[in-house]
Amino acid sequence: MDTRRRKNWSVVILLCLLAVVLALAGCGGKARITEAGSTTVQPLAEKLAEAFMEDNPDVEVIIQAGGSSTGVKSCNEGTVDIGAASRELKPEEPDLITHLLARDGIAIVVHPSNPVAGLTTEEVRSIFAGDITNWSEVGGDDEAITVIAREEGSGTRTAFEEMVMGEELVTATAILQPSNGTIRTAVASTPASIGFMSFGYVDEAVKSLAIDGVEGSAENAKTGTYPIVRPLYFLTKEEPEGLVKDFIDFCLGSEGQDIVQDQGYIRVD
C-alpha cells in the first residue's frame, strides 16, 4: 500500500511540474526589446515596433515615453535596450551611440479660429519670451496671448530653445505641458493660445503657422526651407547586437523609413 501511494504521489508531482514548465514556456517564450524616451519618438516607435513584431512574432518590443532626458538616462543606466531623444545630446550627458531615425519639424500652432496665418522667427521668439503679449501686435485680434510650452527636460523644448529662442528664455508665465499631445489639447481648447509641437502631432484640432513665409510641412522641412527642424535619435550604450541591432536596422531600412514617412516625419535613408 505504501509503495502504491508513493507511486501515485510521484505521478501527481510529475504532472504538476510538467504543467508549471508548460505555463512558463507559454508566458516567457518571447524575446524582449525595451525602448524609452522622447514623447515625439514614441508614436513613431510604436508603429515601427508593430511592423517589426508582425515580421518577428517571437519578439516583443515594449515602447515607453518619459522625455528625451529620461531616454538618455535609462539608456546609460542599462534599464532599457534603446533610448530615444528628439534633440542633440548635450555636452554634459553620457557619450551614447546615436542612430538617426528621422528628422522632424517643430510646428508653431494656434487655435483654428485664430486669423493669424504666419509669423516671423523673430515674432515667435518675442511671443514666447513674453515681449509680445497681444495678438494685435502681429496682425491678429485684440486678445492677450496665452503661451503654452513644454516642460524642462523635453527634447522638443530644448530643440525649440536652440533653434528659435537663442539667448532668450521662455516666459515664466507660460503654461507648461508634459507632452506633445497635451500641448495639442491645451491649444485646441484655448482660442488665444500659441504652442509648439512635433509635426507628427499636428491635426485638425490646431492650426500650424507659416514661419518666415514658409508653410510648416514635412516636404518643406525635408527641403530645408522650413526653419525649425530637429533630429530624432535612437540611443544605445554600445554598438547594438542581436535583436536590438535587427530592430534598429529594420527602422533605418526602407520598410522602416516608409513608416517614418507615412507618420509625417522626414525619412533619412
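Now for a description of the structure that goes with this document. Keep in mind the model is a prediction, meaning the values are calculated, not measured. (Residues numbered from 1 in each chain as written. Predicted model: local features only at pLDDT ≥ 70, side-chain atom pairs only at ≥ 80, totals over all residues. Heavy atoms only, no water.)

## Focus: the overall build of the protein chain
Part 1 of the reasoning: The secondary structure content of the protein chain amounts to nine helices and eleven strands.
Part 2 of the reasoning: Taken over 269 residues, the protein chain has a buried fraction of 45%.
Part 3 of the reasoning: Taking the contacts inside the protein chain whose residues are at least 6 apart along the sequence as the reference set, 74% of them involve residues at least 24 apart.
Part 4 of the reasoning: Per element, the accessible surface of the protein chain, about 13100 Å² overall, is 52% carbon and sulfur. (Helix = DSSP H or I, 4+ residues; strand = E, 2+ residues; numbered from the N terminus. Buried < 20%, exposed > 50% of the residue type's maximum accessible area, 1.4 Å probe, protein only. Contact = heavy atoms within 4.5 Å. Areas by Shrake-Rupley, 256 points an atom, 1.4 Å probe, with all protein chains shown as cover.)

## Brief notes about the packing of helix 8 (residues 242-252) against helix 9 (residues 254-262)
Part 1 of the reasoning: Following both chains from N to C, one finds helix 8 and helix 9 inclined at 60°, their axes separated by 4 Å at the closest point. One way to sum up the angle between helix 8 and helix 9 is to call them oblique. Contacts between helix 8 and helix 9 involve Phe250, Cys251 and Leu252 from the former and Ser254, Glu255, Gly256 and Gln257 from the latter.
Part 2 of the reasoning: Of the residues assigned to the contact of helix 8 with helix 9, the class counts are three nonpolar, three polar and one charged. (Axes fitted to C-alpha atoms, helices over the stretch in contact; angles between N-to-C directions. Parallel < 35°, antiparallel > 145°, perpendicular 65-115°, else oblique. Nonpolar A, V, L, I, M, F, W, Y, C, P; charged D, E, K, R; others polar.)

## Comments concerning the pattern of salt bridges
Part 1 of the reasoning: Here the structure, examined in full by the defined rule, presents twelve salt bridges.
Part 2 of the reasoning: Via salt bridges that share partners, Glu152, Arg157 and Glu161 belong to a single interconnected network. (Salt bridge = Lys/Arg side-chain N within 4 Å of Asp/Glu carboxyl O.)

## Remarks on the side chain of aspartate 104
Part 1 of the reasoning: Here aspartate 104 lies in strand 4 (residues 97-110).
Part 2 of the reasoning: Here phenylalanine 199 takes part through its backbone nitrogen, which lies 3.3 Å from a polar atom of the side chain of aspartate 104.
Part 3 of the reasoning: Aside from chain neighbours lying at most four places away, what touches aspartate 104 is Thr40, Ser198, Phe199, Gly200, Ile228, Val229, Arg230, Leu232, Tyr265 and Ile266. (Polar contact = N/O pair within 3.5 Å; in protein donor to acceptor, adjacent residues only side chain to side chain.)

## Considerations on helix 6 (residues 180-188)
Part 1 of the reasoning: When helix 6 is considered as a whole, its buried residues turn out to be Asn180, Gly181, Ile183, Ala186 and Val187.
Part 2 of the reasoning: Along its buried surface, helix 6 packs onto strand 4, strand 6 (146-150), helix 5 (155-165), strand 7 (175-177) and strand 8 (193-198).

## Some remarks on the nonpolar core
Part 1 of the reasoning: In this structure, Ile108, Phe128, Phe160, Ile194, Phe234 and Phe247 are the most contacted members of the largest nonpolar core, which totals 66 residues.
Part 2 of the reasoning: Within the second largest apolar cluster, six residues are counted, among which are Val72, Cys75, Ala85 and Leu96. (Core = buried A, V, L, I, M, F, W, Y, C linked by side-chain atoms within 4.5 Å.)

## With respect to the environment of phenylalanine 52
Part 1 of the reasoning: With respect to the element layout, phenylalanine 52 can be found in helix 2 (residues 41-55).
Part 2 of the reasoning: With residues up to four places along the chain from it excluded, the contact list for phenylalanine 52 reads Ile33, Val59, Val61, Leu243, Asp246, Phe247 and Phe250.

## Things to note about a negative patch on the surface
Part 1 of the reasoning: A cluster of acidic residues, Glu46, Glu50, Glu54, Asp55 and Glu255, forms a negative patch at the surface.
Part 2 of the reasoning: In terms of residues, the negative patch owes the most to one element, helix 2, which gives four residues.
Part 3 of the reasoning: Under the relative-accessibility criterion, glutamate 46 is labelled partly exposed at 33%. (Patch = residues over 30% accessible without salt bridge, like charges linked within 9 Å, V, L, I, M, F, W, Y side chains within 5 Å. Lys, Arg positive; Asp, Glu negative; His and termini not counted. Charge placed at Lys NZ, Arg CZ, Asp CG, Glu CD.)

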